[in-house]
Amino acid sequence: MRILVAGGAGYIGSVVAEELIAAGHDTVVYDNLSKGHRAAVHPHARFVEADLRDGEELRRAFREQHTEAVVHMAADSMVGESVENPSKYYGNNVAAGLSLLDSMRDCGVARIVFSSTAAVYGEPEKQPLEESDPSNPTNPYGETKLAFEGALKWYADAYALSYVSLRYFNAAGASERFGEDHEPESHLIPVVLQAAAGRRAHVEIYGTDYPTRDGTCVRDYIHVVDLARAHVSALSARDVRGAVYNLGCGGDGYTVREVVKAAREVTGRDVRVRACARRAGDPAVLVASSEKIRRETGWSPLFQDLRAIISSAWEWMQSHPNGYEG
Ligand SMILES: NC(=O)c1ccc[n+]([C@@H]2O[C@H](COP(=O)([O-])OP(=O)(O)OC[C@H]3O[C@@H](n4cnc5c(N)ncnc54)[C@H](O)[C@@H]3O)[C@@H](O)[C@H]2O)c1
């Protein structure tokens, strides 16, 4: 297929483009490099450096490639920032997303896979989270992702669009070529590995008195290559008109202390931690069930083991000590 990856110079998007190219798809990366990196664009992808709000550029890209489908990974995705600056999140995650959908409609591009988030569920009443659970986002990040999912549903009805929306928590790990290079970095695994590499003094653990196995929060980590493969297989789901799937690690999740312990074992280095007070709005456990996508598409994760995920991230960090700028 001929596929345009919006946000394909970002962390997950670069691996999605890599998997698409490996599967033989003609791939365009469309990214404004607000967060992404030129060096994260796969050498076999055609690159368009532009913003999703630029409808003219989008339509040109679609017509030149004869695009058949879009994978939409382009978004702002920091929860704290979204609370401080909701305008940025509505502007990028909703308005820019609608510009993408309108250009698709104008050019007859009728299929989209959307990288949503499990933050649409808010503070869940039960675990693991299933797609039928209520969505009550507690921050503008989750709210804007949910708003875009709503637009997908109505565009699908009105303009014969077919969509798959993938909801997940924490992408982690790296492929051989592409890894995580965010500034600032807010994700636990790269933060822990930065501490192991001596690039930060310690890791802050927010809350050690939760009702979990060791008092720290339990979270779901999914390997970025597994995520990328899920996006690719969602594209090939031929008879899907509109579907929402969770993606999770398939187990009970890991506590913060378990991540730190695994990182110490993988790296052979010390990781110093500092226990801090709980952060407002951090639920004790957040784990997504992948049962529905396994059942309906046959997707299943290849890298469920936390050590394998951390190892791949550590190897990438060792080979890219200054990230993509090195
Ligand atoms: N990283 C995670 O753990 C995680 C978890 C759940 C969902 N997601 C979702 O997955 C997607 C990718 O996440 P990521 O961690 O790779 O983020 P990222 O910031 O590394 O990648 C996003 C990419 O989109 C580009 N972009 C942003 N706005 C754009 C615009 N208006 N026009 C063109 N390009 C634009 C950025 O330059 C960047 O390259 C996001 O939509 C995010 O909400 C990520």
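Refer to the preceding data block for the structure.
Note that this is a predicted model, so its numbers are computed, not measured.

How each quantity is defined
- Residue numbers run consecutively from 1 along every chain, following the written order of its sequence.
- Given that this is a predicted model, residues contribute local features only at a pLDDT of at least 70 and side-chain atom pairs are listed and counted only at 80 or more, while totals for whole chains, interfaces and linings are drawn from all residues.
- Processing note: side-chain calculations cover all non-hydrogen atoms of the structure and skip hydrogens and water entirely.
- Runs of H or I in DSSP of at least four residues are treated as helices and runs of E of at least two as strands, each being numbered from the N terminus.
- Throughout this description, buried means an accessible area under 20% of the type-specific maximum (1.4 Å probe, protein chains only), exposed means over 50%, and partly exposed covers the range between.
- Only heavy atoms enter the contact rule, under which two residues are in contact if any of them lie within 4.5 Å.
- Counted as positive: Lys and Arg. Counted as negative: Asp and Glu. His and the chain ends are not counted at all.
- We put the charge of a Lys on NZ, of an Arg on CZ, of an Asp on CG and of a Glu on CD.
- Two strands are counted as paired when DSSP detects at least two bridges linking them.
- The angle between two axes is taken between their N-to-C directions and runs from 0 to 180 degrees, where each axis is a line fitted to C-alpha atoms and a helix contributes only its stretch in contact.
- Should an angle lie under 35 degrees it is considered roughly parallel, over 145 roughly antiparallel, and from 65 to 115 roughly perpendicular; all remaining angles are considered oblique.
- The hand of a helix crossing depends on one turn: near helix anticlockwise from the far one by less than a right angle means left-handed, and clockwise means right-handed.
- Asp, Glu, Lys and Arg are counted as charged, while Ala, Val, Leu, Ile, Met, Phe, Trp, Tyr, Cys and Pro are counted as nonpolar; the rest, among them Gly, fall into the polar class.
- Helices are assigned an expected span. That span is 1.5 Å times one less than the residue count.
- Each reported salt bridge corresponds to a side-chain nitrogen of Lys or Arg within 4 Å of a carboxyl oxygen of Asp or Glu.

**Student:** Please give an account of the overall build of the protein that cites residues and values.
**Tutor:** Helices and strands together make up the secondary structure of the protein, namely 10 helices and 14 strands. Taken along the three principal axes of its C-alpha coordinates, the protein extends 55 × 45 × 40 Å. Looking at the protein as a whole, 56% of its 326 residues qualify as buried. In the protein, of all internal contacts separated by at least 6 residues, the share reaching a separation of at least 24 is 78%. Put simply, the protein has 35 plus and 45 minus side-chain charges, and the middle of one group is 1 Å from the middle of the other.

**Student:** Mind laying out the sheet that holds strand β14 (residues 285–286), listing which residues take part and the relevant values?
**Tutor:** One open sheet accounts for 3 strands, arranged β12-β9-β14; its pairing is mixed. Both outer strands of the open sheet, β12 (254–255) and β14, are each paired with one neighbouring strand and no more.

**Student:** Just give me the short version of the packing of helix α1 (residues 11–22) against helix α7 (residues 224–235), but keep the residues and values in it.
**Tutor:** Where α1 meets α7, the closest approach of the two axes is 8 Å, and the angle between their N-to-C directions is 55 degrees. Between α1 and α7, the interaxial angle falls into the category oblique. As for how α1 packs across α7, the hand of that crossing is right-handed. On α7, the residues touching Y11, I12, V15, V16, E19 and L20 of α1 are V224, V225, L227, A228, R229, H231, V232 and L235. In terms of residue class, the contact of α1 with α7 is made up of 11 nonpolar, 1 polar and 2 charged.

**Student:** Requested: an account of helix α5 (residues 140–159), with residues and values cited.
**Tutor:** Since the α-helix turns once every 3.6 residues, residues separated by three or four places project in the same direction. Spanning 20 residues, α5 covers 27 Å between terminal C-alpha atoms, matching the ideal 28 Å at 1.5 Å per step. Along α5, the positions that sit buried rather than exposed are P140, Y141, G142, T144, K145, F148, E149, A151, L152, Y155 and A156. Tucked into the core, α5 has its buried residues touching β4 (69–72), α3 (79–84), α4 (86–107), β5 (111–115), β6 (162–168) and β11 (242–247). Phi for A160, located one or two positions after α5, is positive at around 55 degrees.

**Student:** Please set out the pattern of salt bridges residue by residue, giving values where relevant.
**Tutor:** Going through the model one piece at a time under the given rule, you end up with 21 salt bridges. Of the charged contacts, one joins K88 and E81 as a salt bridge, the two residues approaching to 3.0 Å between their closest N and O atoms. Note on E81: relative accessible area 24%, which makes it partly exposed. One salt bridge connects D282 with R219, and the closest N-O pair in it is separated by 3.9 Å. Note that D282 is positioned in the loop between β13 (273–276) and β14 and R219 in strand β9 (residues 218–219), a separation of 63 residues in sequence. Since its relative accessible area comes to 12%, R219 is described here as buried. Via salt bridges that share partners, R59, D102, R105 and D106 belong to a single interconnected network.

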